[in-house]
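Coordinate analysis (summary)
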Amino acid sequence: MSKMKFSAIVACILLATASCKKTETPPAPVTPAPTVTAFNPAAGAAGDVITITGTNFTNATTVTFGGVNASAFTVKDAQTITATLAAGSASGDVAVTTAAGSGKLSGFTFFGTGTRFDVRNVISSNTTWKKDFVYRLRGYVYVTNNATLTIEPGTRIVSNKDSAGVLIITPGAKIIADGTASAPIVFTSAETSPQSGDLGGVIVAGSAKFNGNHPVMEGGLDVRYAAFGGNNDADNSGILRYVRIEYAGKAVNPGDEVNGLSLYAVGSGTTIDYVQISRGYDDGIEVFGGTVNMKHIIIYNSADDDFDFDDGYRGMIQYGISFRDPAFTDPKGTTGDVSNNFEFDNVNPSNGLALNRAPITSPVMSNFTAVGPNNAAGTSSDYGWGMRMRRGTQFILANSVILGAQREAFRVQEDSSIAYFLRGSSLLYNCMIHDQGLKFAVCDNYSYNIPGISPYTLTTVRDRYKATLTQEVSSVATFGLPDPFNVASPKLKPNAGSPLLTGANFTPSKLADPFFDKVSFEGAIGDVDWTLGWTRWGL
C-alpha cells in the first residue's frame with residue numbers, strides 16, 4: 001500500500017472518531033457562602049444604621065442582629081451592606097445569608113429601651129442623647145470644643161448621691177434640650193429614696209457680658225473649663241424647653257455651690273421656656289450676668305433663694321412661679337443668710353467692687369406668683385423676704401403677686417439700690433403684695449444721704465410703690481386662689497371672679513418690649529393653666 005493511501009485512511013479514521021466523540025458541559029462555578037469580617041458601629045438601638053463589611057454579599061436574602069431581621073438593608077456591593085436595626089433586635093451575632101449559606105460575626109450589642117449609659121468627663125463632639133435610654137452623670141461632665149449636645153424629648157438624665165453629677169455647657173458649646181409638654185426632658189435622682197443633692201445640677205455658660213463679680217464659675221469646676229463671659233450679648237447657648245430639674249444642689253465650700261440651674265453670661269439668643277426646678281438644695285435658678293430671656297419658669301420647694309440674679313444680669317422674664325416648703329431651707333449656720341423668693345445683687349462688696357460696677361443687674365419681669373411659707377406650723381427660722389433687692393441692683397417687677405412671705409414682702413438695701421428705687425429707675429409696678437405679718441415692707445436703719453431724695457423711711461418706701469399702682473393686701477382670700485399654700489400640690493390658677501384675672505398693665509417703656517405678651521391677668525397664671533401635663537409636684 002502506498003504511503004499516500006495509508007495516510008488518507010488514517011485521516012478518515014481520525015475524522016470519524018472526532019465526529020463521534022460526545023461534547024461535555026463544564027460544571028457551574030461554586031458560589032462561596034458570605035463571610036462577615038466587621039461591623040460599625042459595634043452597638044446601636046432601633047433605627048440606627050449599621051455598616052457590615054465582608055465578602056460575597058451579592059444577592060443577600062436576610063441580615064439579622066442577634067437572630068432578629070433588620071428592618072431594612074441595602075447591598076452596596078459584594079463587600080458592603082448597610083442595615084437598619086429593628087425594634088426588638090438583640091445582642092449577639094451579625095449574620096448575612098445568601099442562597100449559598102450564611103456568614104456571621106459575634107460581638108454586637110443592642111441597646112433596648114431603658115438601657116443606662118454612664119457619662120463622664122468631656123463631650124467634645126456633637127452628641128445626641130436618645131429618649132429610649134437613661135444617662136447617668138458621673139461627676140462633672142463638660143460639653144466643650146463648640147460641640148452641641150442634643151437631648152431628645154422624653155429623655156431621663158439621672159445622678160446618684162455618691163457623685164452628684166453636674167452637666168456643664170461651656171462657652172461656645174450648646175445644649176438642645178427641646179422637650180414637649182407630653183414628653184419633658186427630666187434631670188433627676190437615681191436613688192431609691194431621692195433627696196436634695198443627689199444631682200449636682202445643670203450649668204450653662206455663654207459669651208455675653210457680665211461685671212466680673214465672679215471671676216470664674218462656682219462649684220469646684222475644673223479650672224480648664226471654669227471661665228465664662230465675653231462681649232456677645234446675643235450669644236446662643238441653645239434651648240432648654242419643657243425641662244425638669246429635680247433634687248439638685250451641690251455645696252463644694254461655703255458660698256461655692258452648684259444650683260438647680262446656673263446661667264453664666266448666657267446671651268439673648270438662647271431659649272429658656274417651660275422649666276421646673278424642684279427640691280433643690282441651694283438656689284433654684286441663679287443667673288450670673290448675661291441677657292438671656294425666659295418664660296414659664298417654676299421654682300418649687302428649693303432650699304435657698306428661688307430666683308437669684310447678680311453679676312450684671314439684664315434679661316427679661318415673664319410667667320414665673322416661686323413656691324416654698326415652710327420646713328425646708330439649707331443650713332445657714334451663723335452666716336446670717338436667709339432664704340428668699342427673690343434675691344438680687346449687682347456685686348458682693350466683699351469682693352472689693354463698687355456697687356455701681358457695670359453692667360448693672362437690672363432684670364425686667366412680669367407675671368410672677370411668689371408664695372412664701374406664711375408662718376405655717378414648722379416653718380424654718382431661716383426664711384427671709386419675698387423680695388430682697390440689694391447691693392446695687394436695679395429691677396422692674398410688674399403685674400405680679402407676692403403672698404405669705406415669712407418676713408416682709410419687700411426689702412431694698414444699700415444706698416445705690418435704694419436710690420434706684422426711690423428715683424424710679426427700679427419699679428415695683430402694678431403688683432399685689434402680702435406677708436404673714438402684714439408689715440409689707442422693711443426700712444433698714446441706714447444713715448444714707450442720697451442727694452435729691454426724700455428722707456429714707458418706711459413711709460417713703462411704701463409711698464413709692466403705691467404711686468406705681470402696687471397694692472398691699474391684708475387677706476390672702478382677696479387673691480381668689482384655690483389653695484395657694486398646698487405644699488404637695490399648690491393650686492395657683494385664679495378662681496372665677498378673682499381680681500388677678502384683670503388689671504395687668506404694661507405701660508412702662510421696658511414692658512413694651514415685644515418679648516412680653518400683653519396679657520390681661522396679674523400673677524403667673526390666667527384662664528389657662530400652663531403648668532398642666534409636664535410638671536411634677538409633691539417632691
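Described below are features of the structure shown in this document. As the structure is a computational prediction, the values presented were derived from the model and not from experiment.

Concerning the overall build of the chain
Along the chain, the regular secondary structure elements total three helices and 37 strands. A compact globule built from 539 residues should have a C-alpha radius of gyration of about 24 Å, whereas the chain, at 34 Å, is more than 25% larger. Principal axes of the C-alpha set define a box for the chain whose edges measure 155 × 45 × 45 Å. In the chain, buried positions account for 55% of the 539 residues. The contacts of the chain with a sequence gap of at least 6 include a subset with a gap of at least 24, amounting to 67%. Of the accessible surface of the chain, which amounts to about 21,900 Å², a share of 52% is contributed by carbon and sulfur atoms. Taken as two groups, the 41 positive and 47 negative side-chain charges of the chain have centres that lie 10 Å from each other.

Concerning the nonpolar core
One finds W129, L167, F187, L263, M294 and F410 to be the most contacted residues of the largest nonpolar core, which totals 70 residues. With sequence-adjacent residues up to four places away left out, L263 is seen in contact with V204, I272, I285, E286, V287, F288, V292 and M294.

A word on the pairing of strand β6 (residues 72-77)
As judged from the five bridges shared by β6 and strand β7 (residues 80-84), these two strands associate in the antiparallel manner. Paired with T74 across the strands is T82, a residue of β7.

Structural notes on the sheet that holds strand β3 (residues 49-55)
The sheet built from four strands is open, its strands ordered β1-β3-β7-β6 with antiparallel pairing. Edge positions in the open sheet fall to β1 (35-40) and β6, since each of these has one partner strand only. Strand-to-strand twist in this sheet, taken as the mean axis angle between neighbours without regard to direction, amounts to 25 degrees. One ladder, built from five bridges, connects β3 with β7; its direction is antiparallel. Paired with I52 across the two strands is I81, which belongs to β7.

Re unusual backbone geometry
Cis geometry marks the peptide bond from N40 to P41; its omega dihedral reads -5 degrees. Inspection of the secondary structure puts P41 in the loop between β1 and β2 (43-44). Between A358 and P359 the backbone carries a cis peptide bond, its omega angle lying at -5 degrees. Mapped onto the elements, P359 comes out in the loop between β28 (342-344) and β29 (364-371). Here the phi dihedral of N146 falls at roughly 60 degrees; this positive angle occurs in a residue that is not glycine. Topologically, N146 is positioned in the loop between β12 (134-143) and β13 (148-151). Classification of N146 by relative accessible area gives exposed; the value is 56%. Even without being a glycine, N430 presents a positive backbone phi close to 55 degrees.

Basis of the calculations
Residues numbered from 1 in each chain as written. Predicted model: local features only at pLDDT ≥ 70, side-chain atom pairs only at ≥ 80, totals over all residues. Heavy atoms only, no water. Helix = DSSP H or I, 4+ residues; strand = E, 2+ residues; numbered from the N terminus. Rg over C-alpha atoms; globule rule 2.2 N^0.38 Å. Buried < 20%, exposed > 50% of the residue type's maximum accessible area, 1.4 Å probe, protein only. Contact = heavy atoms within 4.5 Å. Areas by Shrake-Rupley, 256 points an atom, 1.4 Å probe, with all protein chains shown as cover. Lys, Arg positive; Asp, Glu negative; His and termini not counted. Charge placed at Lys NZ, Arg CZ, Asp CG, Glu CD. Core = buried A, V, L, I, M, F, W, Y, C linked by side-chain atoms within 4.5 Å. Pairing = 2+ DSSP bridges. Axes fitted to C-alpha atoms, helices over the stretch in contact; angles between N-to-C directions.

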